[in-house]
Amino acid sequence: MPYDYRPYPYTPPKGLTTPEDPHKVIIVGAGPVGLAMALELANHGTASVILDDNNVVSVGSRAICWSKRSLEIFDRLGIGAKAVEKGVTWKVGRTYHRDTEVFTVDLLPEDGHKMPAFINLQQYYVEEYLIEQALANPLIDLRFKNEVIAIDQTEDTAHVSIRTPDGDYGLRAAYVLACDGARSPVRAMLGLDFEGELFEERFLIADIEMQADYPPDRRFWFAPPFHPGQSALLHKQPDNIYRIDLQLGWDADPEAEKKPEKVRPRIARLVGHDDFRLDWVSIYTFQCRRLARFVHGRTIFVGDSAHLVSPFGARGGNAGLQDVDNLGWKLAAVLQGRAAPSLLDTYETERSFATDENIRHSSQSTRFITPAEGVETAFRNAVLSLAAKAPFARKLVNSGRLSTPCTYPLNGPDDARLPAASAPGRVAPDAPQGKGWLIDRLGREMQLLAVGDVDDPDVGLPVLRPKMNDHIRARYLGDMAAATYLIRPDQVVAARWAGQPDPGTITSTITTILEGRA
Amino acid sequence: MTLITEPNLPDPDGFYARLLAAHKGLSPDQSQALNAELILILCNHIGDPAVIEAALALARK
Ligand SMILES: Cc1cc2nc3c(=O)[nH]c(=O)nc-3n(C[C@H](O)[C@H](O)[C@H](O)COP(=O)(O)OP(=O)(O)OC[C@H]3O[C@@H](n4cnc5c(N)ncnc54)[C@H](O)[C@@H]3O)c2cc1C
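Residues numbered from 1 in each chain as written. Chains lettered and ligands numbered in written order. Predicted model: local features only at pLDDT ≥ 70, side-chain atom pairs only at ≥ 80, totals over all residues. Heavy atoms only, no water.

Caption draft 1: Spatial organisation of the overall build of chain B. Tallying secondary structure elements over chain B gives three helices and zero strands in all. Starting at the N terminus and walking to the C terminus, you meet the elements of chain B as α-α-α. Scaling as 2.2 N^0.38, a compact globule of 61 residues should have a C-alpha radius of gyration of about 10 Å, whereas chain B reaches 13 Å, well beyond that. Expressed as lengths along the three principal axes of its C-alpha atoms, the size of chain B is roughly 35 × 25 × 25 Å. Burial analysis of chain B (61 residues in total) assigns 10% to the buried set. Put simply, chain B has 4 plus and 7 minus side-chain charges, and the middle of one group is 6 Å from the middle of the other. (Helix = DSSP H or I, 4+ residues; strand = E, 2+ residues; numbered from the N terminus. Rg over C-alpha atoms; globule rule 2.2 N^0.38 Å. Buried < 20%, exposed > 50% of the residue type's maximum accessible area, 1.4 Å probe, protein only. Lys, Arg positive; Asp, Glu negative; His and termini not counted. Charge placed at Lys NZ, Arg CZ, Asp CG, Glu CD.)

The following block contains the structure:
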């Protein structure tokens, strides 16, 4: 059954008739990032207005792979369980050369985590679930068919001009969050460059519906018999939908290649029959680009508007959600007067670091999949041919390195005798806690984790004492008997001490963070 | 480890002849493919990034 794209209702905004009071936050764009942003701010008690030029969810599936970290974030936004229940859970990626399997990766080899390594779920479902939450949240004012057409900013406020079916109006806010996607009109309004590279290659991306019993594994082929000389990808989604990517070459004619009479035989060769329905077909050329800076006065760029990657590695939407995770608590703390505005600069430095890592991985994968003529092709083919002969070469096969959160380069106190998995800058690793999970008890506010034989530090922060088990020991203690962790509201480890830290050290670490010096 | 740039092959002329023999009868493309595999195999054998870096620098000099 094709997805039912129901339009959401448009209501003429108040501002059309009477000027509205200034808002705290205006979010431009109700894609996954803008919607998640509003929900995350609401979790931190901050209200926002979302403006979207459209009134339906993402047409065509686009993003399908949502990472463990995204699922943990979704959980805090109220859609984690629903997404996992509807989605196809997977963790194994298989890469083939011709018809031999040359590389297999297990993306979450250990147990003791609430969320799986990945689920596949069509972007339209994710947006539908987020919209449902946003519409029910009193702190969120979601306005469809409100297109942002101009933006002006002064030192302490931003003014946005908006076009609706009933005419134009204006709004003011302390901050504007540009979540308006890869083509970001806000970026253009501010005259900003989007620097990076375009890969001279075309890909056919199709979602098909068929009855099949394929495994949930991600399967990627280099030069398979059914698509000679090019790459192919097949991945399962809910509702009997399968994602297919086929490399076409730079010379392919994008208009002709989109026609069903061209597409169907290509897909039939892959799946071995013609008994399927084309759900969505598109021809893509991929790019890796970023803004040099994400914070421009009162306007902050989040998600695809700030950075763009090719989809190999699923680092687009997943990175956007990590932006949200990073910015939400900081912006709320600044607006509520609990932190200095310079805290927002750490959104830029931390997510900039993550962006460079994502772009590096996704460019390297794209380059491996689409090598330039000459020596690049020679090395790529040498790796594939060696992979069948020698184990070392399998590690060089690159069909996409799938999204995992980066380790932020934080300089909070650390003790290297504690496990690497919970080092400062990393997302606090999950662990089972009776019938529940540690991750469910972390986040939203700054807190301390007292592990093992230590007293509760008395610094005015909530202290969580996890129940001891093998997972807690392995992930938070290693060979130490006790440890104290300072966890940020985004569940990132800010600092840690083996044993009992001096309360003064903890307080000064918190001050450093809130002043944006960490 | 540092990159060895002093003579290290027991039989230099024999090695050279062996290298050419491995390419015998190959087209330029096939030779490039063989060289690429050979480089990957040897780099993996060396492993040490500093040695590989020094070798790349010497080759590009
Ligand atoms: C083929 C393909 C496969 C992908 N696969 C994955 C994957 O598996 N996993 C993954 O994580 N990511 C994937 N991505 C990337 C993912 O789709 C994007 O990263 C994600 O959509 C970005 O979300 P966003 O909210 O930043 O932008 P968008 O989803 O583009 O949303 C932007 C919103 O802003 C609105 N807007 C634009 N201009 C205005 C304006 N002037 N006024 C008001 N509103 C405006 C738009 O209507 C839209 O609703 C894939 C992308 C493609 C193309």
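Back to the write-up after that little detour.
Caption draft 2: Up close: the site of the ligand. Residue and element names in this part refer to chain A. If you check the shell around the ligand, you find 30 residues, and the closest are D52, D53, C65, D304 and N318. The contact in question runs from an oxygen atom of the ligand to an N or O atom on the side chain of D304, over 2.8 Å. Taking 1,000 Å² as the accessible area of the ligand by itself, protein coverage stands at 89%. In terms of residue class, the shell around the ligand is made up of 14 nonpolar, nine polar and seven charged. (Near = heavy atom within 4 Å. Polar contact = N/O pair within 3.5 Å; in protein donor to acceptor, adjacent residues only side chain to side chain. Areas by Shrake-Rupley, 256 points an atom, 1.4 Å probe, with all protein chains shown as cover. Nonpolar A, V, L, I, M, F, W, Y, C, P; charged D, E, K, R; others polar.)

Caption draft 3: Seen up close, the interface of chain B and chain A. At the junction of the two partners, chain B supplies eight residues and chain A supplies 11 residues. Carbon and sulfur atoms supply 75% of the area that chain B and chain A bury against each other, a total of about 770 Å² over both sides. By the criterion of area lost to chain A, the three top residues of chain B are Q32, E37 and L40 of chain B, representing 61% of everything that side buries. Scanning the region where chain B abuts chain A turns up one salt bridge. When the shortest N-O distance is used, the salt bridge between K389 of chain A and E37 of chain B registers 2.8 Å. Residues that form the side of chain B that touches chain A fall into these classes: five nonpolar, two polar and one charged. (Contact = heavy atoms within 4.5 Å. Buried area = accessible area lost by both parts, 1.4 Å probe. Salt bridge = Lys/Arg side-chain N within 4 Å of Asp/Glu carboxyl O.)

Caption draft 4: Region of the structure containing the environment of R488 of chain A. All names here are of chain A. Note that R488 resides in the loop between β26 (482-487) and β27 (493-498). Look at R488 and you get buried, because its relative accessible area is 3%. Put simply, R488 and M446 are 42 residues apart on the chain and 4.7 Å apart in space, counted from C-alpha to C-alpha. Aside from chain neighbours lying at most four places away, what touches R488 is N326, W329, K330, E350, Y408, L410, G443, E445, M446 and A494. Within polar-contact distance, the side chain of R488 engages the side chain of E350 at 3.0 Å.

Caption draft 5: Broad picture of the domain arrangement of chain A. All names here are of chain A. Along its sequence, chain A is organised into domain 1 (14-88 + 120-194 + 292-346) and domain 2 (420-514). Between domain 1 and domain 2, the C-alpha centre-to-centre distance is 30 Å. On the domain 2 side, the residues contacting the 14 residues of domain 1 number 11 residues. Both sides together, the interface formed by domain 1 and domain 2 hides about 1,100 Å², and carbon and sulfur atoms give 51% of it. Looking only at domain 1, the three residues that lose the most surface to domain 2 are R69, R76 and W329, adding up to 45% of its buried area. On inspection of domain 1 and its partner domain 2, the count reaches zero salt bridges. Of all the secondary-structure elements, those providing two or more residues to the side of domain 1 that touches domain 2 are α2 (68-76) and α8 (317-335). Tallied by class, residues from the side of domain 1 that touches domain 2 come to four nonpolar, three polar and seven charged. (Domains from an automatic or database assignment.)

Caption draft 6: Region of the structure containing the packing of aromatic side chains. All names here are of chain A. Evaluated as defined, the whole model comprises 21 aromatic pairs over all chains. Judged by centre distance (5.3 Å) and plane angle (55°), the rings of Y124 and Y125 are tilted. There is no split in this pair, since Y124 and Y125 are both buried. Each residue in the set F203, F220, F222, Y284, F286, F312 and F368 is aromatic and connected to the rest through ring pairs, giving one cluster. (Phe/Tyr/Trp six-rings, centres within 6.5 Å; stacked < 30°, edge-to-face > 60°.)

Caption draft 7: How the structure looks around the sheet that holds strand β7 (residues 118-120) of chain A. Residue and element names in this part refer to chain A. Taken together, three strands build an open sheet; the order of strands is β3-β7-β4 and the sheet is antiparallel. Only two strands of the sheet have a single partner each, and these edge strands are β3 (65-67) and β4 (88-90). Going from strand to strand, the sheet's axes swing by 30° on average, the running direction of each strand aside. Across three bridges, the pairing between β4 and β7 is antiparallel. Along β7, the bridge assignment pairs W90 with F118. Sheet strands touched by α8: β3 and β7. Its angle to β3, the strand with the most contacts, is close to 35°. (Pairing = 2+ DSSP bridges. Axes fitted to C-alpha atoms, helices over the stretch in contact; angles between N-to-C directions.)

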